[in-house]
Amino acid sequence: MKLWIRAVALVAVTALAACGGGPARRVVTDASIGSGRSVQGGFVAGTVPQLGDSAPHVWTSGHPYNHQVHGVDVSRYQGSVDWNTARNAGISFAFIKATEGGDHSDPAFPTYWAQTRAAGIPRGAYHFYYFCRSGAEQAAWFIANVPRERGALPPVIDLEWNHQSRSCPHRPGPAEVHREVGQMVEILHRHYGQRPILYVTVDFYRDTGIGRLNAEFWLRSVADHPRGTYPGQPWTFWQYTGTGTAPGFRGNVDLNAFAGSRAQWNRWLATRSQR
């Protein structure tokens, strides 16, 4: 469909939704790119209908709502979570913040770790990387706080520039990033028996060339499909919004999609879960 036709269609649908005296519906997908439907005040996913977004937008290169497997990433800021409700609503996995740098741990981690296991949600732990500590130091801190547990997902290293950090303004070059992150990857791989997943943001990926590292990637792309944001980069997980909504959560939560089908997800779990 030509761009001017798409624009007219979006305007027309928005205008129709505003008729009848009710609040306007916000259209967040182009009709030419697949399943998904607009609802008042948000968006409901096509394959996981109970998940939504409190700040939806139009997707261009593709959208996450036709993916079969969705999950969350959480930290203490989520507060109390009803994990059974979340699982019944379609949350298929969770990544839980465990540690940061070499001396900080998330106080909610032990609770979420136990609750997700009780609810039967596959989950893994993630570490927020700190550029003023060596990769070895950070690996040791993560290992001290995160148990090796049969069935847990691979560990995750969260890599992003932290421009708000007062204690660590250091912004290393690509060579240092590759050396130190690579060291952490190898230590965690040896301990947990699974190679860590790397979570990256757009600017960090662009500035460091981290895509060249031998790793499985979880990409943040909240404005467009990863194929548009990270051309040619293979990925397993896609963080598609930081303003997601899901039953079981009181406020917004990060939502993520798995790259493959439900059958592929089950095969991935069978090969990538800790043993």
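Our structure's up above, just so we're on the same page.
What this report covers is the structure whose coordinates are included nearby. Computed from a predicted structure; not experimentally measured. (Residues numbered from 1 in each chain as written. Predicted model: local features only at pLDDT ≥ 70, side-chain atom pairs only at ≥ 80, totals over all residues. Heavy atoms only, no water.)

Points about the state of the cysteines
(1) Moving on: Considering all chains together, one arrives at one disulfide under this definition.
(2) Moving on: Disulfide pairing is shown between Cys132 and Cys168; the S-S distance is 2.1 Å. Every disulfide takes its handedness from the sign of the S-S torsion; for Cys132 and Cys168 that torsion is 95 degrees, giving right-handed. Taken together, the positions of Cys132 in the loop between strand S7 (123-128) and helix H4 (135-145) and Cys168 in the loop between strand S8 (156-159) and helix H5 (174-192) put the pair 36 residues apart, joining distant regions of the chain.
(3) Moving on: On the basis of relative accessibility, which here comes to 40%, the residue Cys132 falls in the partly exposed class.
(4) Moving on: Overall, Cys168 belongs to the buried group, its relative accessible area being 5%. (Disulfide = S-S within 2.5 Å. Helix = DSSP H or I, 4+ residues; strand = E, 2+ residues; numbered from the N terminus. Buried < 20%, exposed > 50% of the residue type's maximum accessible area, 1.4 Å probe, protein only.)

As for the nonpolar core
For soluble globular proteins, nonpolar side chains are generally found buried alongside one another.
(1) Moving on: Ranked by internal contacts, the top residues of the largest apolar core, which has 54 residues, are Val72, Trp83, Leu159, Leu198, Val200, Ile210 and Phe249.
(2) Moving on: No other element matches the six residues that H5 contributes to this core.
(3) Moving on: Sequence-distant contacts of Phe249, that is, excluding residues within four places in its chain, are made with Val72, Val74, Gln78, Val81, Trp83 and Ala86. (Core = buried A, V, L, I, M, F, W, Y, C linked by side-chain atoms within 4.5 Å. Contact = heavy atoms within 4.5 Å.)

A few points about H4
(1) Moving on: Every buried residue belonging to H4 is among Gly135, Gln138, Ala139 and Phe142, and all of these are buried. Looking straight down H4, one finds that the buried residues subtend no more than 105 degrees of arc, so they occupy a single side.
(2) Moving on: In this structure, the buried side of H4 is in contact with strand S5 (91-100), S7 and H5. (Arc of directions from axis to C-beta.)

Here we look at the packing of aromatic side chains
Describing an aromatic ring pair means giving the distance of the ring centres and the angle of the ring planes.
(1) Moving on: Within the structure shown, the criterion is met by 26 aromatic pairs.
(2) Moving on: Each ring, one from Trp59 and one from Trp238, has its centre 5.7 Å from the other, and the planes form 90 degrees; the classification is edge-to-face. Placement of the pair is Trp59 in the loop between strand S3 (52-53) and strand S4 (70-74) and Trp238 in strand S11 (residues 237-245), with a sequence separation of 179 residues.
(3) Moving on: By relative accessible area, Trp59 is classed as buried at 2%.
(4) Moving on: With a relative accessible area of 0%, Trp238 lands in the buried category. (Phe/Tyr/Trp six-rings, centres within 6.5 Å; stacked < 30°, edge-to-face > 60°.)

Notes on the pattern of salt bridges
(1) Moving on: Taken as a whole and judged by the stated rule, the model has ten salt bridges.
(2) Moving on: The closest approach of N and O atoms between Arg272 and Glu216, which form a salt bridge, is 2.7 Å. Taken as a pair, Arg272 in helix H8 (residues 262-272) and Glu216 in strand S10 (residues 216-220) lie far apart in primary sequence, 56 residues in all.
(3) Moving on: By sharing partners, the salt bridges in this structure join Asp103, Arg133 and Glu137 into a single network. (Salt bridge = Lys/Arg side-chain N within 4 Å of Asp/Glu carboxyl O.)

Description of the side chain of His67
(1) Moving on: Locating His67 in the fold gives a position in the loop between S3 and S4.
(2) Moving on: Once you skip the residues sitting within four places of it in the chain, His67 turns out to touch Thr47, Val48, His225, Trp235, Trp238, Ala257, Phe258 and Ala259.

Brief notes about the environment of Leu51
(1) Moving on: Here Leu51 is to be found in the loop between strand S2 (42-44) and S3.
(2) Moving on: What makes Leu51 buried here is its relative accessible area of 1%.

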